[in-house]
Amino acid sequence: MTKDKLFYYMTDEQAVHLLAFIGGYVDAAGYVLLDGLFTSSITGNIVAACTAIYHNDGALARACVCLAFGFTSSAAVYAILRLKLVREWSKRSIGMLLFVLEAILIAISIPIGIAYADEIASRHAIFRWPLILVASILGASMGVHNAAAKEYIPNCPATTVMTMTIVSISIALPQMITYKTAVMFGIKLHPPHKALPDD
């Protein structure tokens, strides 16, 4: 295991799986428990916020989650640059710090959610500050999550919004099948007068 691995006892692939689980869990829990707010799928939130403006249905809550996500992503990247360039921290140390910060933000949202559970579960909760606060904290945790994953796992697929990950799989699968089939049956995939490319 190289010193640039994100976690001491995890491969990059295992870390991506764990991050995808956390991102999916936080988004699903937010959607179910926070009156349909997405806490990591910001695309869905922006679309819902635009329609909410027309229907007067929780535009402020959705905007707060989007802003929290964007602000913490920017703050995390700023912290990454400062720690890497000025403090000369290792990649792994910065990654661990950011993922601990993500865990702290998620942990902070839990007691607030429990303390205001009745108000969050009530009708029209999307207009009330406890729901907006919990959703914004979870959105902030996902902002840190995405910045850290993209910065510290090489070629990290999206771990919160699955569209691009599914597209990547859809592209990689036929390529893999084509290359494996060519190797198995001795089919050449390049012009015979050219040298075989390194990749």
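A quick note: this is a predicted structure, and the numbers were derived from the prediction, not measured.

*Asks:* Tell me what's going on with the overall build of the protein chain, and back it up with residues and numbers.
*Replies:* For the protein chain, the count of helices and strands is seven helices and zero strands. The order of helices and strands in the protein chain, counted from the N terminus, is α-α-α-α-α-α-α. For the protein chain, whose C-alpha radius of gyration is 21 Å, the value lies well above the compact-globule estimate of 16 Å for 199 residues. With the C-alpha coordinates of the protein chain rotated into their principal frame, the extents come out at 70 × 45 × 25 Å. Expressed as a percentage of its 199 residues, the buried residues of the protein chain come to 36%.

*Asks:* Can you lay out the nonpolar core for me, pointing to particular residues and giving the numbers?
*Replies:* In globular proteins that are soluble, nonpolar side chains generally tend to be buried together. In this structure, L19, I80, I94, L98, L105, I153 and C156 are the most contacted members of the largest nonpolar core, which totals 20 residues. Of all the secondary structure elements, the ones that give two or more residues to this core are α1 (12–33), α3 (59–86), α4 (91–115) and α6 (129–152). With seven residues, α6 is the single largest residue contributor to this core. Apart from residues lying up to four places away in sequence, L19 is in contact with F99, E102, H145, A149, I153 and T159.

*Asks:* Explain the side chain of T159 to me, and be specific about the residues and the numbers.
*Replies:* If you trace the backbone, T159 turns up in the loop between α6 and α7 (163–185). Taking the relative accessible area as the measure of exposure, T159 reaches 2% and is therefore buried. For T159, the side chain forms a polar contact with the side chain of H145, separated by 2.8 Å. With residues up to four places along the chain from it excluded, the contact list for T159 reads V16, L19, A20, G23, G24, H145 and A149.

Definitions and limits used
- Residues numbered from 1 in each chain as written.
- Predicted model: local features only at pLDDT ≥ 70, side-chain atom pairs only at ≥ 80, totals over all residues.
- Heavy atoms only, no water.
- Helix = DSSP H or I, 4+ residues; strand = E, 2+ residues; numbered from the N terminus.
- Rg over C-alpha atoms; globule rule 2.2 N^0.38 Å.
- Buried < 20%, exposed > 50% of the residue type's maximum accessible area, 1.4 Å probe, protein only.
- Core = buried A, V, L, I, M, F, W, Y, C linked by side-chain atoms within 4.5 Å.
- Contact = heavy atoms within 4.5 Å.
- Polar contact = N/O pair within 3.5 Å; in protein donor to acceptor, adjacent residues only side chain to side chain.

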